[in-house]
Amino acid sequence: MDRLKVPRTKELEFGGVFGVALLMVVMPSTVFYLLLVCRTEQASALSPPWALPSLRSLWSPQDFALVLAWLAFQALLYRLPMGKITEGSLLRDKSRLQYRINGFYAMLVTALMLAAGLAGGLRLSYIYDHILQLAFAATVLAFGLSLLLYFKALLAPETALAPSGNSGKGPPNLENSVGCGMRKSPEEGMSIPIAVFKEISPGLMRWALINMAMLVKETELRGSPSLAMILVNAFQFLYVVDALWHEEAVLTTMDIVQDGFGFMLAYGDLAWVPFLYSLQSCFLVTHPQKLSLPLAGGIVLLNALGYSIFRGANSQKNTFRRNPADPRVAGLRTIPTATGRRLLVSGWWGFVRHPNYLGDLIMAFAWSLPCGFTHILPYFYIIYFTLLLAHRDARDEHQCLRKYGLAWHEYCRRVPYRIVPYLY
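Throughout, a residue's number is its position along its own chain's written sequence, starting from 1. Whole-chain, interface and lining totals are the exception, using all residues; otherwise, since this is a predicted model, local features are given only for residues with pLDDT of at least 70 and side-chain atom pairs are given and counted only at 80 or more. The side-chain values count all of the structure's non-hydrogen atoms but skip hydrogen atoms and water molecules.

An unreviewed UniProt entry annotates the protein chain as Delta(14)-sterol reductase TM7SF2 of Notechis scutatus. UniProt positions are given in the numbering used here, feature names are shortened, and annotations may be inferred rather than shown by experiment. Per UniProt, the protein chain carries the Sequence similarities (unreviewed entry) text "Belongs to the ERG4/ERG24 family." Of the protein chain, the UniProt comment under Pathway (unreviewed entry) reads exactly: "Steroid biosynthesis; cholesterol biosynthesis."

What follows is the structure in structure tokens.
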């Protein structure tokens, strides 16, 4: 297809070139700052750790090799003939890429290998001791991968570009293209679908692995893991297992369908998710908390409420997309759209416009509560996640209005609240 016949987008995400370039600095800085603060006695985000590590101390060939080995091992598991093959979303050239869905099985194999390693004397708390070096290695890899995909995208047909990457090439948009990603499907021509692979297996499983390393470190320091540490590990492990079990659903998310795979997604998957989403467990290693059984029980119930909303909403949506005649969703009220699709206006999706976001936020709050109320640092996740989901909600609203027009106006009239009933 002639590149000139493909319309270019005039809308740049995240504030355009300046905003994306700023994020490429802010994201790594935030990871290292919070990891450093988490280890201080005050654990105050407003009290900077003035003894900053040098770049030389952050660079460790051994830890860089460990991160590479982890990615290589997960890539090998992806290539194994287990799981199922499914098709992704329709590309601009009307083709569909195929993906192997086997993240849950990869997790089981990883768990068996980890158990064998622990039985053989593997010291998992090494991750806590070298957390900064491992995060630095992931940062270097994220920048390298982003640049590699940028130059690869320069040779790609524009039909394979994400909207954010179809705004023009060359130096004027270098920061935006590297940051947001030009290719919506950089996996084309590769043996591994890099966008989906990075979104699921390496980041999510390493998140759970880092949490486990924090539990082991606390056990080494105090003889046994605290109830607070056990709850944080259990809640977040459930979330990871759920994501891997429902891996196929990621193919319809904004990250895969709409966004390009650039620095923000690469860094998010390789560093931001595993090292910051585990911040609560890292905090508990150096700032132990005591939980009463009634309080722990209340936190468990809160997490269960959030999970039931999150899973119920996502399952209802995915079931309806696959088969609207399924008995589980056939009785739900809908609104027809000009595209031929129908919008759910009852069930969870008649409660608020993004019930899955509501469940996510409730769970995020439950993950932070075991860390007590003396520090705001372990509540970084829910603060950040609230801002992220509010921004994503705004992007969703814009995309749906452009896609569904009058039908979306009618949906908003009938479901007035976006995420939190009677509040937002």
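Q: Break down the overall build of the protein chain for me, citing the residues and quoting the values.
A: Tallying secondary structure elements over the protein chain gives 16 helices and four strands in all. The buried label goes to any residue with under 20% of its type's maximum accessible area, the exposed label to any with over 50%, and the partly exposed label to all in between, with areas taken from a 1.4 Å probe on protein chains only. Taken over 424 residues, the protein chain has a buried fraction of 55%. In this description, contact between two residues means that some pair of their heavy atoms is separated by no more than 4.5 Å. Long-range contacts, defined here as pairs at least 24 residues apart, represent 77% of the contacts in the protein chain between residues at least 6 apart. The Shrake-Rupley method, run with a 1.4 Å probe sphere, supplies the accessible areas, and residue values consider only the shown protein chains as cover. Accessible surface for the protein chain amounts to roughly 19,600 Å². Of this, 67% is attributable to carbon and sulfur atoms. Counting from the N terminus, the helices are the DSSP runs of H or I reaching at least four residues and the strands are the DSSP runs of E reaching at least two.

Q: Describe helix α14 (residues 355–368), with residues and values.
A: For α14, spanning 14 residues, the distance from its first C-alpha to its last is 20 Å, which sits close to the expected 20 Å at 1.5 Å a residue. Within α14, 13 of the 14 residues are buried, which leaves the element mostly enclosed by the surrounding structure. Any helix carries an expected span of 1.5 Å times its number of residues minus one.

Q: Let's hear about the UniProt feature "transmembrane region" (unreviewed entry) in the protein chain: which residues, and what values?
A: The sites that UniProt annotates as "transmembrane region" (unreviewed entry) are residues 12–36, 103–124, 130–151, 221–241, 261–279, 291–310 and 361–389. Along residues 103–124, the helical share is 77% and the strand share 0%, with 22 Å between the first and last C-alpha atoms.

Q: Explain unusual backbone geometry to me, using residue names and the numbers behind them.
A: The backbone of alanine 43 sits at a positive phi, close to 50°, despite the residue not being glycine. Its place among the elements puts alanine 43 in the loop between α1 (16–38) and α2 (55–58). Residue classification places alanine 43 among the buried positions, given a relative accessible area of 2%. Despite not being glycine, tyrosine 422 has its phi angle at roughly 65°, a positive value. Considering the arrangement of structural elements, one finds tyrosine 422 in the segment after α16 (406–414).

Q: Tell me about the nonpolar core, and name the residues and values.
A: Looking at soluble globular proteins, one finds that nonpolar side chains tend to be buried together. Ranked by size, the top nonpolar core spans 95 residues in total, and within it Tyr267, Trp272 and Phe275 carry the most contacts. Among the elements that take part in this core, helix α6 (residues 131–153) stands out by supplying eleven residues, more than any other. Domain delimitation in this document rests on an assignment produced automatically or drawn from a domain database. Split by domain, this core shows at least three residues from each of two domains, domain 1 (15–43 + 55–290) and domain 2 (292–423). Only buried residues count toward a nonpolar core. Its members are Ala, Val, Leu, Ile, Met, Phe, Trp, Tyr and Cys residues joined through side-chain atoms within 4.5 Å. If you look at the next biggest cluster of nonpolar residues, it comprises 16 residues, including Ile335, Tyr404, Trp408 and Val415.

Q: Explain a nonpolar patch on the surface residue by residue, including any values.
A: Nonpolar side chains collect at one region of the surface, where Leu118, Leu122 and Met212 lie side by side and expose about 230 Å² of accessible area between them. As for its position among the elements, leucine 118 is in helix α4 (residues 103–119). For leucine 118, a relative accessible area of 38% gives the class partly exposed. Residues enter a patch when their relative accessible area is above 30% and they make no salt bridge; the linking distance is 9 Å between like charges and 5 Å between nonpolar side chains (Val, Leu, Ile, Met, Phe, Trp, Tyr). Within this document, salt bridges are pairs made up of a side-chain nitrogen of Lys or Arg and a carboxyl oxygen of Asp or Glu, the two lying within 4 Å of each other.

Q: Quick rundown of the environment of valine 67? Include the residues and the values.
A: Along the polypeptide, valine 67 turns up in helix α3 (residues 61–79). Along the backbone, valine 67 and leucine 141 are 74 residues apart, and their C-alpha atoms lie at a distance of 8.9 Å. Those residues in contact with valine 67, other than ones at most four positions away along the chain, are Leu134, Ala137, Leu141 and Arg206.

Q: With reference to specific residues and values, describe helix α15 (residues 380–404).
A: For the α-helix, the turn length of 3.6 residues means that residues three or four positions removed from each other point alike. Taking 1.5 Å of rise per residue, the 25 residues of α15 would be expected to cover 36 Å, and the 35 Å separating its terminal C-alpha atoms lies within 8% of that figure. Phi turns positive, to about 55°, at glycine 405, one or two residues after α15.

Q: Describe the pattern of salt bridges, with residues and values.
A: Scanning the model with the defined rule gives eight salt bridges in all. The salt bridge involving arginine 123 is made with aspartate 129; its shortest N-O contact spans 2.7 Å. Residue aspartate 129 is classed as partly exposed on the basis of its relative accessible area of 31%. One continuous salt-bridge network, built from bridges that share partners, spans Arg123, Asp129 and Lys217.

Q: Outline the packing of helix α9 (residues 227–245) against α14, listing residues and values.
A: Contact geometry of α9 with α14 gives a least axis separation of 9 Å together with a crossing angle of 155°. The orientation of α9 with respect to α14, classified from their angle, is roughly antiparallel. Considering only the axes of α9 and α14, their crossing is left-handed. Here Val232, Phe235, Gln236 and Tyr239 of α9 come into contact with α14, specifically with Asp360, Met363, Ala366 and Trp367. Three categories are distinguished: nonpolar for Ala, Val, Leu, Ile, Met, Phe, Trp, Tyr, Cys and Pro, charged for Asp, Glu, Lys and Arg, and polar for the others, with Gly belonging to the last. Residue classes in the contact of α9 with α14 are distributed as six nonpolar, one polar and one charged. Axis geometry follows a simple rule: fit a line to the C-alpha atoms, using only the stretch in contact for helices, then measure angles between N-to-C directions, giving values from 0 to 180 degrees. These descriptions rest on fixed angle ranges, namely under 35 degrees for roughly parallel, over 145 for roughly antiparallel, 65 to 115 for roughly perpendicular, and the rest for oblique. Throughout, a crossing is termed right-handed when the near helix is turned clockwise from the far one, and left-handed when it is turned anticlockwise from it by less than a right angle.

Q: Describe the side chain of lysine 217, with residues and values.
A: Within the element layout of this structure, lysine 217 appears in helix α8 (residues 194–222). According to the relative accessible area criterion, lysine 217 is buried, its value standing at 11%. The term polar contact refers here to a pair of N or O atoms within 3.5 Å; inside protein, the definition further demands a hydrogen-donor-capable atom paired with an acceptor-capable atom, and it admits residues adjacent in sequence only when both atoms are side-chain atoms. A distance of 3.0 Å separates the side chain of lysine 217 from the side chain of aspartate 129, its partner in a polar contact. Ignoring any residue separated from it by four or fewer positions in sequence, one finds lysine 217 in contact with Arg123, Ser125, Tyr128, Asp129 and Val285.

Q: Tell me about the environment of phenylalanine 64, and please be specific about residues and values.
A: Checked against the element boundaries, phenylalanine 64 lands in helix α3. Residues phenylalanine 64 and glutamine 133 lie 69 residues apart in sequence; the distance between their C-alpha atoms is 7.9 Å. Aside from chain neighbours lying at most four places away, what touches phenylalanine 64 is Trp59, Ala137, Val140 and Leu141.

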